[in-house]
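A look at the structure
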Amino acid sequence: MTSPVEKARLEHQKLGADIAAHDQRYYQDDAPTITDADYDALRRRYEALEAEFPELRTADSASLRVGAAPAAKFGKIKHAVPMLSLSNVFSDEDVAEFVARIRRFLGLDAAAELTFTAEPKIDGLSCALRYENGQLVSAATRGDGFEGEDVTANVRTIGEIPHQLTGAHLPAICEVRGEIYMSHADFAALNARQSAAGEKLFANPRNAAAGSLRQLDPAITAARPLKFFAYAWGELEPRPAQSQFDMVQWFAKCGLPVNPLMQRCTNEAQMLAVFRAIEAIRASLGYDIDGVVYKIDDLTLQERLGFVSRSPRWATAHKFPAERARTRLLDIEIQVGRTGVLTPVAKLAPVNVGGVVVSNATLHNEDEIRRKDIRIGDMVEVQRAGDVIPQITGSVAAERPSDSQPFVFPHICPACGSAATREIDDKGNADVAYRCTGGLICPAQAIERLRHFASRLAFDIEGLGDKQLELFYTKGLIRNPADIFTLEARDAASLTKIKNFEGFGDLSVKNLFAAIEARRSISLNRFIYALGIRHIGEVNAKRLARHFGSFEALRSTAKAAFAAESEGRKELISIEGIGPIVAEALVEFIHEPHNEAVLDALLAQLHLEPMEVASTASPVAGKTVVFTGALERMSRDEAKAMAERLGAKTSGSVSKKTDLVVAGPGAGSKLTQAQTLGIKVISEDEWLDMVGGNG
DNA sequence: AACCCTCGAGGTCA
DNA sequence: CTCGAGGGTT
C-alpha cells in the first residue's frame with residue numbers, strides 16, 4: 001500500500017509531465033489540444049498538491065508556472081560575470097589600430113601570429129541563459145551589465161532555445177550568452193497580424209524582438225517568433241574548449257543555434273575580407289545585422305587582455321556605414337540640462353532613416369552649427385550614427401531658402417531668463433557650451449537635477465520618473481532632493497493628497513512611498529553620484545567613496561580644501577582620477593550655502609551605507625603595487641591591468657604607501673628603495689602564484 | 001591616447 | 001533601456 005505522500009508524488013509527476021506537454025503544444029507549436037479551462041484545472045490541481053506537500057516542489061515545478069498569472073514586473077538577476085558591451089570601429093584603419101593595440105598590450109612583434117574569429121553582429125538583444133546540469137534554469141537580459149531582468153518564463157517559450165542541453169559531461173553550470181532576434185520574414189508576418197488585429201505596428205525587427213521579450217505575459221511572447229544565436233558565455237566551468245571558435249562549435253553540439261557565418265582569420269586582410277563578404281550578403285541574410293564582430297580566438301589570450309572600462313580589449317565590432325536621408329530642418333529648440341548647458345536640438349520634418357522615423361537630432365553646440373553651416377529652413381542630411389543616434393551631417397547648399405539667416409544662439413536661458421554664457425578657462429579658451437547662470441533659480445536645471453537624483457544609477461526610485469518629478473516640482477511638493485524623503489509626511493498632513501492628482505491612485509501612491517522608504521538606506525557611492533556634481537559620475541563617485549569611506553570625511557576635506565593651495569586640495573588631487581578641475585567642482589558644490597542646507601536636510605533623512613563592495617577578495621585587493629625591472633611573462637600594461645582587476649592600485653614609484661614591489665631582472669633604484677623602506681619584494685613568478693596567474 | 005562625463009535620441013512596455 | 005558623439009580630464 002502506498003502512503004499518501006507517495007500517491008501525491010505520482011500524481012504530481014504525471015500532472016507535471018502533462019502540463020509541460022500542453023505548454024509545448026500551446027506555446028511552441030501554437031496548437032493546443034485541450035481547452036484553457038481544462039488546462040487551468042490541471043494547473044490548479046498541480047499547485048494544490050504542492051501546497052499540501054511542499055516537498056514535491058522541485059526546480060522543475062517553477063518552470064511549469066509559465067502560464068500562471070503574469071508577475072507584476074520582472075525580477076532582477078545578478079550576472080555572475082558582468083555582461084559588457086563591445087567597442088566599435090568604423091574603418092579599415094580602426095581595425096588595424098585594434099589589432100596593433102592588442103599586439104602592443106601582449107608585447108608581440110609584428111611577425112607573431114594572432115588568430116581572430118569574425119562573425120556577423122546580430123541586431124537584437126543580448127541575453128544570458130543559465131543551464132545547471134544541462135537544464136535551463138534562468139534567463140536574463142543584459143540590463144546595466146551587472147544586473148539584468150529575469151525573462152526566464154519568456155525565454156522558455158522560444159522554440160530555438162533548448163530547455164535541456166544535449167551531450168554527456170555537461171558542466172554543472174553553463175551560462176550561455178547570445179542574441180535574441182527576429183527574422184525579416186517573421187517580422188513582416190507579425191506586423192501583418194498586428195495590422196489585421198488593428199494593433200500598432202513595430203518599427204523594425206529589433207524593436208519587435210525587444211518588445212516581445214519584455215512582455216509580462218509569457219503567452220504573448222510565445223506567440224512571437226523569436227530566434228537565438230549563441231556566441232559567448234559567462235560562468236562556465238570547466239571550459240569544454242580552449243578557443244572562441246571551438247566554444248561556439250561546442251554550443252552547437254549542445255543543441256544551441258549558432259551563426260553559420262563565423263570563421264577564423266589569421267591576419268587583418270582576412271578580417272577585412274570577411275567584413276566585405278558579409279556586407280555583400282547582408283541584405284539576403286534574412287535577419288538584421290549591423291556589422292562584424294572580431295574576437296581573439298585563444299581564450300588564454302582573451303584572459304590576459306582583459307577589459308577596459310566596460311568592454312573587452314580582445315574584441316570589437318566593425319560597424320557598417322550608416323544609412324542616410326534628407327529632410328527639412330523646421331526649427332532649432334534649446335534644451336537646458338542638469339548642469340545648465342544649453343543644447344540645441346534640431347526639429348526635423350519626420351523622415352524615415354534606415355527603418356525608424358526621425359524627427360529630432362542634437363546639434364551639440366553653437367560651434368557645431370556654425371561649422372556645419374546649418375540654418376533653420378535648410379534641407380539637411382540625416383544619418384543614424386551606429387544605426388541608432390540621429391545625426392545631422394550637413395546641409396544642402398542648393399536647396400537653401402533665399403531668405404534664410406544664420407542661427408543666432410540665444411544668450412539667455414529659455415527656462416529662467418538668466419544670462420547664458422560661454423565660460424572662459426585659464427588659458428582663455430571659451431567653453432563650447434553656453435551655460436545658464438541661473439543655477440538654483442532655474443526650474444529646468446532643478447528638474448534635471450532631481451531626475452538625475454532619482455535615476456537608476458543614483459537613488460533608483462521607482463515611480464519617480466520624469467513625469468512625476470515635473471508634476472511634483474510644479475506643484476511645489478518637491479523642490480530639492482531632501483523634499484523627496486519628507487513627501488509622505490507632508491502628504492499625510494496635507495488636504496490635497498497626491499492620490500487625487502491625475503494619473504495617481506491609492507496603489508501608485510503607496511508604491512511610490514514604499515519605493516522612497518526603501519532608499520533611505522543607500523550606499524555612499526550612489527549618494528555621491530546622486531548629488532550630480534559636475535565631472536563626478538559613476539566612476540569618480542566610487543573613487544571618492546572608496547577614498548573617504550564616509551560622507552563626513554569627504555565633506556570636511558572638501559571644506560578644508562577651499563583654498564587652492566590647501567592641504568585638503570592636495571588630498572583631493574592625490575586621489576586617482578581626481579584632478580584640479582574635478583576637485584574644484586566638488587569644493588564649490590560643498591561650499592555653496594544652498595547645497596549645504598540641502599545636504600544637511602538630506603543626511604538627516606538618510607542612512608548612508610559603506611560603498612558597494614567590489615567582488616573579489618584577492619590577496620592584493622586594496623594594496624598598492626609597484627612593478628619594476630623587466631617583466632618576462634607579461635607586458636607592463638598587462639601587469640598593471642591585472643593588478644587593478646584584482647582591486648590593487650598601481651604606482652610608478654616606491655614610497656611609504658607601497659605595499660608590494662614586483663621586481664624583475666634589471667631592477668635598480670626602485671628595488672633599492674623598497675629594501676631601504678622594508679617593503680616586501682617578490683619576483684614575477686611569485687606574483688603570478690599569488691594572484692593565481694600561474695596555471 | 002585612454003578614459004570619463006555629459007548629453008542627447010528613439011522605442012517599447014507598464 | 002540602449003546606443004553614440006563630443007569634449008574634458010588624466
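Attention in this report is confined to the structure presented alongside it. None of these values were measured; they are calculated from a predicted model. Within every chain, residues take consecutive numbers counted from 1 along the sequence as written. Think of it this way: whatever chain is written first is A, whatever ligand is written first is 1, and the rest follow in order. Thresholds applied to this predicted model are a pLDDT of at least 70 for local features of residues and 80 or more for the giving and counting of side-chain atom pairs; totals over whole chains, interfaces and linings are not thresholded and use all residues. Based on all heavy atoms of the structure, the side-chain values leave hydrogens and waters out of the count.

Another point: the pattern of salt bridges. Salt bridges are defined as contacts in which a side-chain nitrogen from Lys or Arg sits within 4 Å of a carboxyl oxygen from Asp or Glu. All told, the structure shown has 31 salt bridges when counted by the stated rule. Measuring nitrogen to oxygen at the nearest pair gives 3.6 Å for the salt bridge that ties Lys-295 to Glu-119. Of this pair, Lys-295 sits in strand β10 (residues 289–296) while Glu-119 is found in strand β3 (residues 116–122), placing the two residues 176 residues apart along the sequence. Each residue's exposure class comes from its accessible area (1.4 Å probe, protein chains only) as a fraction of the maximum for that residue type: buried when under 20%, exposed when over 50%, partly exposed otherwise. Since its relative accessible area comes to 6%, Glu-119 is described here as buried. The closest approach of N and O atoms between Glu-333 and Lys-347, which form a salt bridge, is 3.7 Å. Separated by 14 residues along the polypeptide, Glu-333 in strand β14 (residues 324–336) and Lys-347 in strand β15 (residues 342–353) bring together distant segments of the chain. Three or more residues joined by partner-sharing salt bridges are found here, namely Glu-366, Asp-367, Arg-370 and Arg-422. Numbered from the N terminus, helices here are DSSP runs of H or I no shorter than four residues, and strands are runs of E no shorter than two.

Let us now look at the packing of aromatic side chains. Aromatic contacts are taken between Phe, Tyr and Trp rings whose centres are within 6.5 Å, Trp giving its six-membered ring; a plane angle under 30 degrees counts as stacked, one over 60 as edge-to-face, and the others as tilted. For the coordinates displayed, the defined rule picks out 16 aromatic pairs. Ring-over charges, as used throughout, are those where CZ of Arg or NZ of Lys falls within 6 Å of the ring centre and within 35 degrees of the ring normal. Directly above the ring of Tyr-473 sits Arg-479, whose terminal nitrogen or CZ lies 4.3 Å from the centroid.

Now for the packing of helix α20 (residues 551–560) against helix α23 (residues 593–605). Note on geometry: axes are lines fitted to C-alpha atoms, helical ones only across the stretch in contact, with angles between N-to-C directions running from 0 to 180 degrees. In contact at an axis separation of 13 Å, α20 and α23 are set at 165° when each is read in the N-to-C sense. Judged on the interaxial angle alone, α23 and α20 are roughly antiparallel. Between α20 and α23 lies a crossing whose hand is left-handed. Note on element contacts: α23 touches α20 through Glu-596, Leu-599, Asp-600 and Leu-603, opposite Phe-551, Glu-552, Arg-555 and Lys-559. Residue type decides the class: Asp, Glu, Lys and Arg count as charged, Ala, Val, Leu, Ile, Met, Phe, Trp, Tyr, Cys and Pro as nonpolar, and the leftover types, Gly among them, as polar. Classifying every residue of the contact of α20 with α23 by side-chain character gives three nonpolar, no polar and five charged. Just so you know how the angles are binned, under 35 degrees is roughly parallel, over 145 roughly antiparallel, 65 to 115 roughly perpendicular, and the rest oblique. Crossing handedness is defined as follows: a turn of the near helix away from the far one that is anticlockwise and smaller than a right angle gives a left-handed crossing, while the clockwise case is right-handed. Working rule for contacts: check all heavy atoms of both residues, and any pair within 4.5 Å makes them a contact.

Proximity is defined per residue: if any heavy atom of the residue lies within 4 Å of a molecule or strand, that residue is considered near it. Taken together, 23 residues lie around DNA strand C, and Lys-319, Ile-389, Arg-456, Gly-579 and Ile-581 are the ones closest in. Within 4 Å of the protein, the atoms of DNA strand C are drawn from sugar and phosphate moieties in a proportion of 95%. In the model, a phosphate oxygen of DNA strand C is placed 2.9 Å from a nitrogen or oxygen of the Arg-142 side chain. When contributions to the surface near DNA strand C are tallied by element, the ones reaching two or more residues are α12 (366–371), β18 (389–395), β20 (430–436) and α22 (580–591). Tallying contributions element by element places α22 first for the surface near DNA strand C, with three residues. The definition of a polar contact used here is a pair of N or O atoms within 3.5 Å, where within protein one atom must be able to donate a hydrogen and the other to accept one, and adjacent residues in sequence count solely through side-chain atom pairs.

Below, the discussion takes up the protein's contact with DNA strand B. Close to DNA strand B lie 32 residues; Val-308, Thr-339, Thr-343, Val-345 and His-535 are nearest. Backbone atoms, meaning sugar and phosphate, form 97% of the atoms of DNA strand B found within 4 Å of the protein. One nitrogen or oxygen atom from the main chain of Val-357 is found 3.4 Å from a phosphate oxygen belonging to DNA strand B. Put simply, the parts of the chain that give the surface near DNA strand B at least two residues each are α4 (92–106), α7 (205–213), β15, β16 (356–362), β18 and α19 (538–548). For the surface near DNA strand B, the leading source of residues is β16, giving six residues.

A few words on the sheet that holds strand β5 (residues 135–141). Strand order in this open sheet of four strands is β5-β4-β7-β8, and the pairing throughout is antiparallel. The open sheet is flanked by β5 and β8 (227–237), the only strands paired with a single partner. Taking each pair of neighbouring strands and ignoring which way they run, the sheet shows an average axis angle of 25°. The sheet contacts of helix α9 (residues 244–253) involve β7 (173–181) and β8, and relative to β8 the element is tilted by about 115°. We call two strands paired when DSSP finds no fewer than two bridges between them.

Glancing now at the pairing of β5. Counted residue by residue, β5 has five buried out of seven residues, so it is predominantly covered. Adjacent in sequence and paired antiparallel, strand β4 (residues 125–132) and β5 are bridged by two residues, among which Asn-133 carries a positive phi angle near 50°.

When you line up the elements, Thr-157 lands in the loop between α5 (152–155) and β7. At 2.6 Å, the side chain of Thr-157 forms a polar contact with the backbone oxygen of Asn-154.

On to helix α17 (residues 506–518). Helix length check: α17 (13 residues) gives 18 Å between terminal C-alpha atoms against 18 Å at 1.5 Å per residue, within 8%. Every buried residue of α17 is listed here: Val-509, Leu-512, Phe-513, Ala-515 and Ile-516. Viewed along the axis of α17, the buried residues span an arc of 160°, placing them on a single side of the element. Opposite the buried face of α17, at more than 90 degrees from it, the exposed residues are Asp-506, Leu-507 and Lys-510. The elements touched by buried residues of α17 are α14 (466–474), α15 (481–484) and α16 (487–493). Multiply 1.5 Å by the residue count of a helix minus one, and that product is the helix's expected span. Arc definition: it is the arc formed by the directions from the helix axis to the C-beta atoms.

The next subject is the sheet that holds β3. Spatially, the five strands line up as an open sheet ordered β2-β13-β10-β3-β9, and their pairing is mixed. Of all the strands in the sheet, just β2 (87–89) and β9 (263–265) have a single pairing partner and so form its edges. Shown here is a sheet whose adjacent strand axes are inclined to one another by a mean of 35°, direction ignored. In the sheet, β3 pairs with β10 via seven bridges, with the strands oriented antiparallel. The residue of β10 that forms the bridge with Pro-120 is Val-292. The strands touched by α4 are β2, β3, β10 and β13 (315–319); relative to β13, the strand with the most contacts, the crossing angle is about 175°. Its contacts with the sheet put α9 on β3, β9 and β10, and the angle it makes with β9 is roughly 175°.

Within the secondary structure layout, His-452 lies in helix α13 (residues 443–454). Residue classification places His-452 among the buried positions, given a relative accessible area of 10%. Within the structure, His-452 has its side chain in polar contact with the backbone oxygen of Tyr-529 (distance 2.9 Å). With near-sequence residues (within four places) excluded, His-452 lies in contact with Arg-338, Ala-458, Tyr-529, Ala-530 and Gly-532.

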